[in-house]
2 protein chains.
Amino acid sequence: MESDIAIGIDLGGTNVRVGAVSTKGILLTLHELPIGSVIGEKSGMTLLGSLIRKTLLDVPGATLLGIGVGATGPVNRMLGTIQNPYTLSTWENVPIVANLKESFGVPVILENDADAAALGEYWIGAGQKTSRLAAITIGTGVGTALIIDGQIYRGLDGSHPEGGHHIIDPSGPLCYCGAHGCWESLVSGPAIANLAQSDMNRLSNSQLFILVNGEPSRIDACLISEAAMGGDEFALSIIKIAANYLSIGLINIISLFVPDTVVLSGGVMKSIDLFMPTLKQAISHHNVMVPASRVNVVPAKLGYHAGLIGAAYSILKLH
Amino acid sequence: MESDIAIGIDLGGTNVRVGAVSTKGILLTLHELPIGSVIGEKSGMTLLGSLIRKTLLDVPGATLLGIGVGATGPVNRMLGTIQNPYTLSTWENVPIVANLKESFGVPVILENDADAAALGEYWIGAGQKTSRLAAITIGTGVGTALIIDGQIYRGLDGSHPEGGHHIIDPSGPLCYCGAHGCWESLVSGPAIANLAQSDMNRLSNSQLFILVNGEPSRIDACLISEAAMGGDEFALSIIKIAANYLSIGLINIISLFVPDTVVLSGGVMKSIDLFMPTLKQAISHHNVMVPASRVNVVPAKLGYHAGLIGAAYSILKLH
């Protein structure tokens, strides 16, 4: 029906976004609030409930088919619980699915946020009609998701794979995952900032240094990209190093899966144009064993809305 | 029917094996011949035809359901052709499927040999009843295959993924695939031999040196394992290095897929007991983001018969 909608929720470590999505993938209305400072499961659920009610008030006459939640992991899909005290302070064993079901009387589905975003890109984004879609998010962390024939690929016991922690350089920095040189430790936003900060000699003669008023601690991946776009040699060299590491991870995913399409998203990929020449060259060079250069490597289309739209789709696709 | 059989063929670079397999997975009879020296498509197909006829003579009264071929890649499954002039001299664009169909009047299926072996292990080997099976072959090369819910995972355009060429140490040796430090370049039989050969100082004081009569060129992975099992410190240290690299590749596959089971096969894995303690320790250490220590890492059960049995199963599973 035209008036059918699903609520999509993107529950991140910083913000929560709640939107109403039509069966055609149109985001009809959106509400967003910071959630990082909301302490306690009860306050969090109260905030979420009120955002959903606000969203529903924006679409009078719509039929709510259900609520899809894409949440920063770890989540337990089977139990419908959020198990994330790391980036969602105090959100440990929160039965979000049961709570929302009780409050709104509709089906509720919980997904990892990387899976939800990948599903959104598959539905109406950069991965449409793709049999094998790999979606990579490069931001504060690095997340990976696979959509095979429209279905989220699940690992052992329904677990969400964490390709961001596959190892690409054993001599690289130590990550909280326990490994040296995992992908996240080399290409995440903080990792790229660290590359610049640890090269004080060259940093102190760069445009970037002026941009941060001589305070290296203020450097982030966004500023490095900005300086690089302004032609700063040092910033360009840092991007080049990161792009090489990014290439290795992409080559690995291509070698192991040979997906049709790889969709790149996340804060660091806002500057994808700076990375793309290195990525394309490296991938076409690694074309001997698998048809790597036929793999379509593209930026995401849905930006910050991918997770919310994909979460809504997890409900809408059942109808 | 009890008397139904399929012919399974394992076409390698060195030997060809042809067997008759019952619907219950019993290998009823087997014929094997060297094929490396058979030059020309025509001689090769004649040899294959005569082996199949011999095999069928061993099972009088059996109903032949079809022929499954697992061949050393690259193969083109869609066209039913072998495209491998590298390890099968002169076998380029050989229409093996069409030829066998014409000769025997039954359905013929062509698979990459790693996929066929993985399917065999899934059917009656170490990967039975596994929703997500990763099969790794470590021998002269390193091959990977994925079986998801009993189906061979295919990449773009039906291509076979080549996880053996995913990169695990960019400072590693150059491989023919074009990359430095891909998995194969670090853990294949020749790679392990090379590790020993390139450390002459320590090699010359080792038991291994005596085993090869002071001729380093005679060292292979098999002899290194033998010396290691005899307690030779140098050989043990080489195995330890290789086991560490092997662990990284396994951790990567586990991070990206979280399979239920990983089956290890191939010549190098005949000495799996030497590798296992390092593998187990490394995998359990990498347990933060995905449930790595719950992944079942086991040796293959079917040995040299896996490819042939899996190829036969590709026919039998259709009935």
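Residues numbered from 1 in each chain as written. Chains lettered and ligands numbered in written order. Predicted model: local features only at pLDDT ≥ 70, side-chain atom pairs only at ≥ 80, totals over all residues.

The number of helices and strands found in chain A is 11 helices and 13 strands. Radius of gyration (C-alpha) of chain A: 20 Å, near the 20 Å computed for a compact globule of 319 residues. Here the contacts in chain A between residues at least 6 apart in sequence split such that 63% fall between residues at least 24 apart. (Helix = DSSP H or I, 4+ residues; strand = E, 2+ residues; numbered from the N terminus. Rg over C-alpha atoms; globule rule 2.2 N^0.38 Å. Contact = placed C-beta atoms within 7 Å.)

It takes a turn of 180° to lay chain A on chain B, together with a shift of 0.0 Å along the axis; the resulting RMSD is 0.0 Å. Such a combination of rotation and displacement between the chain copies is what one expects of a two-fold axis. Same-surface contact between copies: 100% of interface residues of chain A are shared with the interface of chain B. (Least-squares fit on C-alpha atoms with pLDDT ≥ 70 in both.)

Here we take up the nonpolar core. In terms of nonpolar packing, the biggest core is built from 220 residues, with A:I224 and B:I224 touching the most fellow members. Setting aside its immediate chain neighbours within four residues, B:I224 contacts B:I192, B:A193, B:A196, B:L208, B:I219, B:A235, B:I238 and B:I239. (Core = buried A, V, L, I, M, F, W, Y, C linked by C-beta atoms within 7 Å. Buried ≥ 20, exposed ≤ 12 C-beta atoms within 10 Å, placed from the backbone.)

Now for the interface of chain A and chain B. Facing the 37 residues of chain A at the interface are 37 residues of chain B. Looking at the side of chain A that touches chain B, the element that brings in the most residues is helix 9 (residues 233-257) of chain A, giving seven residues. Its residues assigned to classes, the side of chain A that touches chain B shows 19 nonpolar, 12 polar and six charged. (Nonpolar A, V, L, I, M, F, W, Y, C, P; charged D, E, K, R; others polar.)

Residues and elements named next belong to chain B. Given a rise of 1.5 Å per residue, 17 residues ought to cover 24 Å, and the 24 Å separating the end C-alpha atoms of helix 1 (residues 41-57) matches this to within 8%. Residues of helix 1 that are buried: G44, L48, L51, I52 and T55. Here the buried residues of helix 1 occupy an arc of 100° about the axis, which is enough to place them on one side. Facing away from the buried surface of helix 1 by more than 90 degrees, the exposed residues are K42, T46 and L57. Buried-residue contacts for helix 1 involve strand 1 (4-11), strand 2 (15-22), strand 3 (27-34), strand 7 (91-94) and helix 2 (96-104). (Expected span 1.5 Å × (residues − 1). Arc of directions from axis to C-beta.)

A few words now on helix 9 of chain A. Residues and elements named next belong to chain A. Between the first and last C-alpha of helix 9 there are 36 Å, a value that for 25 residues agrees with the 36 Å anticipated at 1.5 Å per step. Counting buried positions along helix 9 gives 19 out of 25 residues, so the element sits mostly inside the fold. Where helix 9 ends, the next residue or the one after it, V258, has phi of about 45°, a positive value.

A separate point is the pairing of strand 8 (residues 108-112) of chain A. All names here are of chain A. Counted residue by residue, strand 8 has five buried out of five residues, so it is predominantly covered. Inspection of the sheet shows strand 4 (residues 63-71) paired to strand 8 by five bridges, in the parallel sense. What sits directly across from I67, in strand 8, is V108. (Pairing = 2+ DSSP bridges.)

Overall, antiparallel pairing links the three strands, which are arranged 5-6-7 (chain B) in an open sheet. Edge positions in the sheet fall to strand 5 (75-76) and strand 7 of chain B, since each has one partner strand and no second.

All right, on to the sheet that holds strand 4 (residues 63-71) of chain B then. Residue and element names in this part refer to chain B. Within the open sheet, the five strands sit side by side as 3-2-1-4-8. Their pairing is mixed. Each of the sheet's edge strands pairs with one partner strand only, and the pair in question is strand 3 and strand 8 (108-112). Between one strand and the next, the sheet's axes are offset by a mean angle of 15°, whatever the strand orientation. Docked against the sheet, helix 2 engages strand 4 and strand 8, running at close to 150° with respect to strand 8. (Axes fitted to C-alpha atoms, helices over the stretch in contact; angles between N-to-C directions.)

It is worth spelling out the pairing of strand 6 (residues 81-84) of chain B at this point. All names here are of chain B. Pairing between strand 5 and strand 6: two bridges, direction antiparallel. Residue pairing for strand 6: N76 is matched across the bridge by T81. The turn linking strand 5 back onto strand 6 is made up of four residues, and G80 within it adopts a positive phi angle of 70°. Pairing geometry for strand 6 and strand 7, over three bridges, is antiparallel. The partner of I82 across the bridge, within strand 7, is V94.

Bringing the domain arrangement of chain A into the picture now. Residues and elements named next belong to chain A. One can read the domain layout of chain A as domain 1 (4-122 + 304-316) and domain 2 (130-300). With 12 residues of domain 1 at the contact, the number on the domain 2 side is 15 residues. If one sorts the elements of the side of domain 1 that touches domain 2 by residue count, helix 3 (residues 113-124) sits on top with seven residues. Its residues placed into classes, the side of domain 1 that touches domain 2 shows seven nonpolar, two polar and three charged. (Domains from an automatic or database assignment.)

Attention now goes to the packing of helix 3 (residues 113-124) of chain B against helix 11 (residues 306-316) of chain B. All names here are of chain B. Here helix 3 crosses helix 11 at 80°, and the two axes come no closer than 6 Å. Put simply, helix 3 runs roughly perpendicular to helix 11. When helix 3 is examined against helix 11, the residues D113, A116, A117, A118, L119, G120, E121, W123 and I124 are found in contact with a partner set consisting of A306, G307, I309, G310, A311, Y313 and S314. Within the contact of helix 3 with helix 11, the residues separate by chemical class into 10 nonpolar, four polar and two charged. (Parallel < 35°, antiparallel > 145°, perpendicular 65-115°, else oblique.)

Residue and element names in this part refer to chain A. Look at helix 8 (residues 221-229) against helix 9: their axes get within 7 Å of each other, and the N-to-C directions meet at 120°. Overall, the two elements helix 8 and helix 9 adopt an arrangement that is oblique. Crossing geometry of helix 8 relative to helix 9 is assigned as left-handed. Of the residues in helix 9, those in contact with I224, S225, A227 and A228 of helix 8 are A235, L236, I238 and I239. For the contact of helix 8 with helix 9, the per-class residue count stands at seven nonpolar, one polar and no charged. (Left-handed = near helix turned anticlockwise from the far one by under 90°.)

Next up on the list: the environment of B:V59. Among the structural elements, B:V59 can be located in the loop between helix 1 and strand 4. Apart from the residues lying within four places of it in its own chain, the contact partners of B:V59 are B:I5, B:A20, B:L28 and B:T29.

Looking now at the environment of A:E41. Residues and elements named next belong to chain A. Along the chain, E41 falls in helix 1 (residues 41-57). For E41, a count of 18 C-beta atoms within 10 Å gives the class partly exposed. For the pair E41 and P95, spaced 54 residues apart in sequence, the C-alpha separation works out to 9.2 Å. Discounting chain neighbours no more than four positions away, the residues touching E41 are T90, W91 and V94.

Here the focus is the environment of A:I124. As for its position among the elements, A:I124 is in helix 3. Residues in contact with A:I124, not counting those within four places in the same chain, are A:G25 and A:I309.

Its identity as a non-glycine residue notwithstanding, A:N213 has a phi of 50°, on the positive side. By the secondary structure assignment, A:N213 is in the loop between helix 7 (207-211) and helix 8. Look at B:D149: it is not a glycine, yet its phi comes out positive at around 50°. Along the polypeptide, B:D149 turns up in the loop between strand 10 (142-148) and strand 11 (151-152).

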